Amino acid sequence: MYKKYRNKFTINNKMVLFESFMGRNYSDSPKEIYENMLIDKKFIDYKFVWCFRNPEDKIKIAKLENAILVKYKSADYYKYYCQAKYIVSNSRIDTVIQKKDGQVYIQTWHGTPLKKLGYDIDKGDNALHSKKELCNLYKLDAERYDYLISPSPFCTEKFTSAFNLKENNPNVKIIEIGYPRNDFLVNYTENDVLLIKRKLNINKNKKVILYAPTWRDNQYTNGVGYNFDLPIDFKILKNRLEDDYIFLFRTHYFVADSYDFSEYNGFIYDVSSYDNINDLYVISDILITDYSSVFFDYSILKRPIIFYMYDLKDYQDDLRGFYISLKELPGPIVDNEIDLIDTIKKDFKYDEKYVKFNNKFTPLDDGNASKRAIERCFN
């Protein structure tokens, strides 16, 4: 379909196409850039296109009222990819898309990496791709970049090696401006917190724990997708914590499993399908994660982070290597439920180690990254 439409449609210089997590969400840096363009008079006559796997679920989102919503990998999807002057994505786009002369591809990526990416992975194959196949996917995407947004000197260095940019795309403009997706974490208000809690029907008098683990390369079922074997006995957590805490559970978007938490009603909330994780960050008092990059963004809030790394040896030695020393992490590492509960209850202090972490990994996240992205990429 794409080849059929490619020569049929000309580029519309006032059309911007957005895609987040391969059409799964209305979220992340594409969302923040889009919403800033909506209120910028320079773009008042622009057409905005959003690609979703289930566009019918997004119709009621107020900010998308005047956008064109298309189904991911449908005929319209490819038609608009042939017409859009600007393409904004936070993940790899369809490999069949051959960028036309004059089109501009802005890759925002979706987080500061702890785990090694692309060409930097040295632990072998995963459930879906060999290392050679994975590198080829990164190559195909990187060759099309015009702009790559970076939140820090650290990320600039790692993106350059992970995408092998010196060979695959030496002309890409890496713009080190902070992450647009993190603007909300600086600019949110207490009223935002109240509205989000009300939307999720969360008790505003209890503390909120967000548990956001990542996916495992070796936990995969053919025809279904990636699995995640629950590593916590939630009965123990409920017995020890339910008087004072609420537990938000959010899996990685690759994970296909669904979970039945009905017996933990009022304590555990499954928020895996909630579009915008930033909302979950600002209402949470504590983050629990493992190897997910979520903690880099959450650290902007200067709140406690606990690393529940129950499978650290296997993950580090057999699945993925890390870009940073675990000694740099801005919180304690635990490997069992009892220590996890005890750590949750400990007093928290924003110490020098945490300050040093923020200075290295989130130095540019000041709430204005979206505006800088627009100024740099849409001239």
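Relevant structure appears above.
Counting restarts for each chain, with residues numbered from 1 along the sequence as it is written. Given that the model is predicted, a residue must reach a pLDDT of at least 70 before its local features are reported, and side-chain atom pairs must reach 80 or more before they are shown or counted; all residues, however, enter totals for whole chains, interfaces and linings. Only heavy atoms go into the side-chain values, all of them from the structure, while hydrogens and water stay out.

**Q** What should I look at first to understand the packing of helix 9 (residues 234–241) against helix 13 (residues 337–344) in this one?
**A** The axes of two packed helices give the description: the angle between them and the distance between them. Axes here refer to lines fitted to C-alpha atoms; in helices the fit is confined to the stretch in contact. Angles between the N-to-C directions go from 0 to 180 degrees. A helix here means a DSSP run of H or I that spans at least four residues, while a strand means a run of E at least two residues long, and both kinds are numbered starting from the N terminus. Two elements in contact, helix 9 and helix 13, have axes separated by 10 Å at closest approach and are oriented at 30°. Accordingly, the angle class assigned to the pair helix 9 and helix 13 is roughly parallel. Handedness of the crossing formed by helix 9 with helix 13: right-handed. Across from I236, L237, R240 and L241 in helix 9, the residues of helix 13 making contact are E337, I338, I341, D342 and I344. Looking at the contact of helix 9 with helix 13 residue by residue, the class counts come to six nonpolar, no polar and three charged. Should an angle fall under 35 degrees it is called roughly parallel, over 145 degrees roughly antiparallel, and 65 to 115 degrees roughly perpendicular, with every other angle called oblique. Note on convention: the crossing is left-handed when the near helix lies turned anticlockwise from the far helix by less than a right angle, right-handed when the turn is clockwise. The criterion used for residue contact is that any of the two residues' heavy atoms lie within 4.5 Å. Each residue is assigned to one class: nonpolar for Ala, Val, Leu, Ile, Met, Phe, Trp, Tyr, Cys and Pro, charged for Asp, Glu, Lys and Arg, and polar for all the others, Gly among them.

**Q** Would you mind going over the environment of N54 with me for this structure?
**A** Structurally, N54 is set in the loop between strand 2 (47–52) and strand 3 (68–71). Counting along the chain gives 31 residues from N54 to G23, while the straight-line C-alpha distance between them is 8.1 Å.

**Q** What's the story with the packing of aromatic side chains in this structure? I'm lost.
**A** Two descriptors summarise a pair of aromatic rings, namely the distance from one centre to the other and the angle between the planes of the rings. Each Phe, Tyr or Trp ring (for Trp, its six-membered ring) is paired with any other whose centre lies within 6.5 Å, and the angle between the two planes then decides the class: stacked below 30 degrees, edge-to-face above 60, tilted in between. Inspection of the entire model under this criterion finds 46 aromatic pairs. Geometrically, the ring pair formed by Y138 and F163 is tilted, given 5.2 Å between the ring centres and 40° between the ring planes. Here the residue Y138 occupies a position in helix 4 (residues 131–142), and F163 occupies one in the loop between helix 5 (153–162) and helix 6 (165–168), the gap between them amounting to 25 residues. What makes F163 buried here is its relative accessible area of 0%. With a centroid separation of 5.5 Å and an interplanar angle of 80°, the aromatic rings of F234 and F261 are classed as edge-to-face. Of the two residues, F234 is situated in helix 9 and F261 in the loop between strand 11 (245–249) and strand 12 (268–270); the sequence distance between them amounts to 27 residues. Classification of residues uses two cut-offs on accessible area relative to the type maximum, computed with a 1.4 Å probe and protein chains only: under 20% is buried, over 50% is exposed, and between them is partly exposed.

**Q** Honestly, the sheet that holds strand 1 (residues 12–19) in this entry has me stumped. Any pointers?
**A** Paired through their backbone hydrogen bonds, the strands of a sheet run either parallel or antiparallel. By definition, two strands form a pair when at least two bridges between them are found by DSSP. Pairing is parallel across the open sheet formed by seven strands, whose spatial order is 3-2-1-4-5-6-7. Two strands in the sheet have a free side with no partner beyond their single neighbour: strand 3 and strand 7 (173–176). Direction aside, the axes of adjacent strands within the sheet are offset by 20° on average. With four bridges connecting them, strand 6 (residues 147–150) and strand 7 associate as parallel partners. For Y147, the partnering residue across the bridge sits in strand 7 and is K173.

**Q** Is there a simple way to explain unusual backbone geometry in this structure?
**A** Residues apart from glycine generally show negative phi values, whereas peptide bonds are mostly found in trans. A positive phi angle, close to 50°, is found at F21, a residue other than glycine. Within the secondary structure, F21 is located in the loop between strand 1 and helix 2 (28–38). Look at F21 and you get buried, because its relative accessible area is 11%. Its identity is not glycine, yet N201 carries a phi of approximately 60°, on the positive side. Within the secondary structure, N201 is located in the loop between helix 8 (190–200) and strand 8 (207–211).

**Q** What should I look at first to understand the side chain of Q103 in this one?
**A** Mapped onto the elements, Q103 comes out in the loop between strand 4 (84–89) and strand 5 (104–107). Looking at Q103, the relative accessible area reads 3%, which means it is buried. In this structure the side chain of Q103 is engaged in a polar contact, spanning 2.8 Å, whose partner is the backbone oxygen of A84. N or O atoms within 3.5 Å of each other form a polar contact, as long as, within protein, one can give a hydrogen and the other can take it, and as long as residues adjacent in sequence are counted only when both atoms are side-chain atoms. Reaching out from Q103, the side chain makes a polar contact with the backbone nitrogen of K100 at a distance of 2.9 Å.

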